[in-house]
Amino acid sequence: MKNDLMANDVFKMASTQFDRAADYLDLDESVRERCKWPKRLITVTVPIQRDSGETEVFFGYRVQHHLSRGPVKGGLRFHPNVTLGEVAALAMWMNWKCALMGLPYGGGKGGITCDPRTMSLKETENLTRRFTTEMLPFIGPETDVMAPDMGTNAQTMAWITDVYSTHAGHLVPSIVTGKPVELLGSEGRNQATGHGVAFTITRAFNKLGIDDTKATAIIQGFGNVGSHAAFTLSRYGVKITGISDVTGAIWNPKGIDVEELVKHVAETKGVKGFSGAEEIDPEEMLIQPCDALVPAALERVINKGNAAKLQCRVLAEGANGPTTPGADAIIEERGDIFLIPDVLCNAGGVTVSYFEWVQNLQHYQWTEQEVLTKLETMLEKAFENVYHFAQTNNMSQRVAALALGIHEVAKVKATRGLFP
Ligand code: GLU
């Protein structure tokens, strides 16, 4: 299995990052191995009837990386490229993210290899319900708490809640987070990841002496993360000059009107053809001059091919794993880019998920203002911890963030000891 995982490019990348941080921490070999490999790798087949009447069997995965610090936490992804190796890498990153933020969770991630863009609502519902049913023996509010990720949303979480609660015989809202607010979801959860991305960017601007109202940003990906990051950044006064998604990329040096773009995307399902901007090649967009570049889509988009050409001051990783280790080396060598690593930059989502879980367990609802204020306090603290750790130890922000997260997990593994 170790070899199978290592054959996957994304897992190999997560593993390389882990090794760098573990080397720095000089982790004891036994603790190191226990931290690195996932506890449970669950694969299920998910048969559903398509609208055509045909039966189709999909493959679904859930990786529970470790349960040493609490239930595993992490999203569920519906995407054609989902593989067990990718899900395992994403689960590993969730560990370090939760530990860095001080959340009482291990990392988890799930996915179904499917193309939600070609499925009807009914088919997506059936897929979600059947996957949840297959997962019933493995999930629970104290074991594994899922949340939205790429291709899934609050409605997906509502279906999971319904299946789990029907089996339990009573409503169990704490089984997932990112639910619709009327089904005991948290205020602020929907915008939390993008809001956090924008907030950490302003923290980085502050360190570099960049004025928000004179700054520019380019955003790759206009899903939940990219769109809310764009919204919040423009509210702070940052000009968004470029935005891309699967349909193409758009460019306007005077600034893109994000509210108008959201309307255009709602109508046409993509940024392409937006009248308030010109078209630009998506790869070219990434290497235009800007203050903040925000990859907020898939993994490995900043790589050896474009890292040397980047012209941003801040690289803010809205996505999980957007920068390859090869690109990391180039960026570290250059020394002129302030990296906000994924486990910090996009941690707003899982942090508000934690708030949602806590509210559900306490049967209490906080206001949006309370949620966002608490979120900013926690992000600010983690941002400062990473910044000072990196400065003090003369290391990259990536290694600093991972080392801080891994250290928390390693301490718990060491104190709990090896059973039997
Ligand atoms: N999918 C999100 C992430 O990658 C959120 C996970 C969660 O809220 O549990 O961080």
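Since the model is a prediction, treat every value here as computed from it, not as a measurement. (Residues numbered from 1 in each chain as written. Predicted model: local features only at pLDDT ≥ 70, side-chain atom pairs only at ≥ 80, totals over all residues. Heavy atoms only, no water.)

### Details of the site of the ligand
No. 1: Close contacts around the ligand come from 14 residues, with K73, K97, K109, D149 and S353 the closest.
No. 2: K73 is positioned such that a nitrogen or oxygen atom in its side chain is 2.8 Å from an oxygen atom of the ligand.
No. 3: Backbone polar atom of P148 to a nitrogen atom of the ligand: 3.1 Å apart, as the coordinates give it.
No. 4: Compared with its free state, where it exposes 300 Å², the ligand has 94% of that area covered by protein.
No. 5: Where the shell around the ligand is concerned, the elements lending two or more residues are β3 (72-79), α4 (84-101), β5 (144-148) and α13 (348-362).
No. 6: A breakdown of the residues in the shell around the ligand according to their chemical character gives four nonpolar, five polar and five charged. (Near = heavy atom within 4 Å. Polar contact = N/O pair within 3.5 Å; in protein donor to acceptor, adjacent residues only side chain to side chain. Areas by Shrake-Rupley, 256 points an atom, 1.4 Å probe, with all protein chains shown as cover. Helix = DSSP H or I, 4+ residues; strand = E, 2+ residues; numbered from the N terminus. Nonpolar A, V, L, I, M, F, W, Y, C, P; charged D, E, K, R; others polar.)

### Structural notes on the pairing of strand β7 (residues 239-245)
Every other side chain in a regular strand lies on the same face of the sheet, so the side chains alternate between the two faces.
No. 1: Across the seven residues of β7, five count as buried, placing the element largely inside the fold.
No. 2: Sheet topology places strand β6 (residues 216-220) next to β7; five bridges connect them, and they run parallel. Looking across to β7, one finds that T216 is bridged to K239.
No. 3: Regarding topology, helix α8 (residues 224-235) serves as the crossover connection from β6 to the parallel β7, and that connection is right-handed.
No. 4: Two strands pair when backbone bridges link them, and β7 and strand β8 (residues 248-251) are joined in this way by four bridges, in the antiparallel orientation. Bridge pairing links G242 to W251 in β8.
No. 5: As consecutive antiparallel partners, β7 and β8 are separated by two residues. (Buried < 20%, exposed > 50% of the residue type's maximum accessible area, 1.4 Å probe, protein only. Pairing = 2+ DSSP bridges. Right-handed = clockwise from strand over helix to strand, strands pointing away.)

### Looking at the sheet that holds strand β10 (residues 290-295)
No. 1: Read from one edge to the other, the open sheet built from seven strands follows the order β9-β8-β7-β6-β10-β11-β12, with strand pairing classed as mixed. Looking at which strands have only one partner, the edges of the open sheet turn out to be β9 (278-280) and β12 (338-340). In this sheet, neighbouring strand axes are inclined to one another by 20 degrees on average, regardless of whether the strands run parallel or antiparallel.
No. 2: Where β8 meets β9, three bridges bridge the pair, whose relative direction is antiparallel. Residue pairing across strands places A249 opposite I280, the latter belonging to β9. (Axes fitted to C-alpha atoms, helices over the stretch in contact; angles between N-to-C directions.)

### Looking at the nonpolar core
No. 1: Judged by nonpolar contacts, the single largest core of 95 residues is most densely connected at W96, I201, L261 and I340.
No. 2: Top contributing element to this core by residue count: α4, with 14 residues.
No. 3: Setting aside its immediate chain neighbours within four residues, W96 contacts F18, C35, V343, L402, G405, I406 and V409. (Core = buried A, V, L, I, M, F, W, Y, C linked by side-chain atoms within 4.5 Å. Contact = heavy atoms within 4.5 Å.)

### Considerations on the pattern of salt bridges
No. 1: Enumeration according to the criterion identifies 28 salt bridges in this entry.
No. 2: With its nearest N and O atoms 2.7 Å apart, the salt bridge here joins E134 to R130. Placement of the pair is E134 and R130 together in helix α5 (residues 121-135), with a separation of four residues, close to one helical turn.
No. 3: Each of the salt bridges in this network shares a partner with another, and the network as a whole consists of R77, E86, K109, D149 and E299. (Salt bridge = Lys/Arg side-chain N within 4 Å of Asp/Glu carboxyl O.)

### Brief notes about the UniProt feature "site: Important for catalysis" (unreviewed entry) in the chain
No. 1: Per the UniProt record, "site: Important for catalysis" (unreviewed entry) is annotated on D149.
No. 2: Looking at the element boundaries, D149 is found in the loop between β5 and α6 (154-168).
No. 3: Apart from the residues within four sequence positions on either side, D149 is in contact with G75, L76, R77, K109 and N320.
No. 4: In terms of polar contacts, D149 uses its side chain to reach the side chain of K109, at 2.9 Å. (UniProt positions renumbered as here; feature names shortened; annotations may be inferred.)

### Thoughts on the UniProt feature "binding site: NAD(+)" (unreviewed entry) in the chain
No. 1: Sites flagged by UniProt as "binding site: NAD(+)" (unreviewed entry) map to T193 and N224. Across 32 residues, the annotated set stays spatially compact, with a maximum C-alpha separation of 8.0 Å.
No. 2: Of note, T193 is situated in helix α7 (residues 189-208).
No. 3: Leave out the neighbours within four places in its chain, and T193 touches V225, N346, G348 and G349.
No. 4: With respect to the secondary-structure elements, N224 resides in helix α8.
No. 5: Residue N224 is classed as partly exposed on the basis of its relative accessible area, which comes to 35%.
No. 6: For N224, the side chain forms a polar contact with the side chain of N190, separated by 3.0 Å.

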